[in-house]
Amino acid sequence: MNKLLVREYILAFDPDEAGRKATERFRKNVRGKIIKELVYPDNRDINDLQEEFLNCKIIF
């Protein structure tokens, strides 16, 4: 993964144990990149927020 031209990653794993392990594995395997983590409100996961994402305003 380090050979990709991507400079920044935004992680959006679930806030459970499996998600925390996935985040840690990603961080260990990807070096020299900017890694941000999306933290969901109230421990919800991306599927719980689907309706909010579907109703987002399109800006481009």
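Just so we're clear, the structure is a prediction, and the values are computed from it rather than from any experiment.

This part takes up the pairing of strand 1 (residues 8-11). Put simply, side chains in a regular strand alternate between the two faces of the sheet. Covered by surrounding structure in strand 1 are Tyr9 and Leu11 only, the residues Glu8 and Ile10 on the alternate face being uncovered. As a crossover connection, the stretch from strand 1 through helix 1 (residues 17-29) into strand 2 (residues 34-37) is right-handed.

It is worth spelling out the environment of Asp16 at this point. Within the secondary structure, Asp16 sits in the loop between strand 1 and helix 1. The spatial distance from the C-alpha of Asp16 to the C-alpha of Phe26 is 15 Å, given a sequence separation of ten residues. Polar side-chain contacts of Asp16 include one of 2.8 Å to the backbone nitrogen of Gly19.

This part takes up the packing of aromatic side chains. Under the definition given, this model contains one aromatic pair. Considering the side-chain rings of Tyr9 and Phe26, the 5.1 Å spacing of their centres and the 70° angle between planes classify their relative orientation as edge-to-face. Linking Tyr9 in strand 1 with Phe26 in helix 1, this pair joins segments that are 17 residues apart in sequence. Pair check on accessibility: Tyr9 and Phe26 agree, each one buried.

Turning our attention to the pattern of salt bridges. Here the structure, examined in full by the defined rule, presents three salt bridges. The residue Glu8 makes a salt bridge to Lys36 at a minimum N-O spacing of 3.1 Å. Residue Glu8 is found in strand 1, and its partner Lys36 is found in strand 2; the two are separated by 28 residues along the sequence. Two residues, Glu37 and Arg27, come together in a salt bridge whose shortest N-O distance is 3.2 Å.

What counts, and at which threshold
Residues numbered from 1 in each chain as written. Predicted model: local features only at pLDDT ≥ 70, side-chain atom pairs only at ≥ 80, totals over all residues. Heavy atoms only, no water. Buried < 20%, exposed > 50% of the residue type's maximum accessible area, 1.4 Å probe, protein only. Helix = DSSP H or I, 4+ residues; strand = E, 2+ residues; numbered from the N terminus. Right-handed = clockwise from strand over helix to strand, strands pointing away. Polar contact = N/O pair within 3.5 Å; in protein donor to acceptor, adjacent residues only side chain to side chain. Phe/Tyr/Trp six-rings, centres within 6.5 Å; stacked < 30°, edge-to-face > 60°. Salt bridge = Lys/Arg side-chain N within 4 Å of Asp/Glu carboxyl O.

What is shown is where atoms sit, not what they do.
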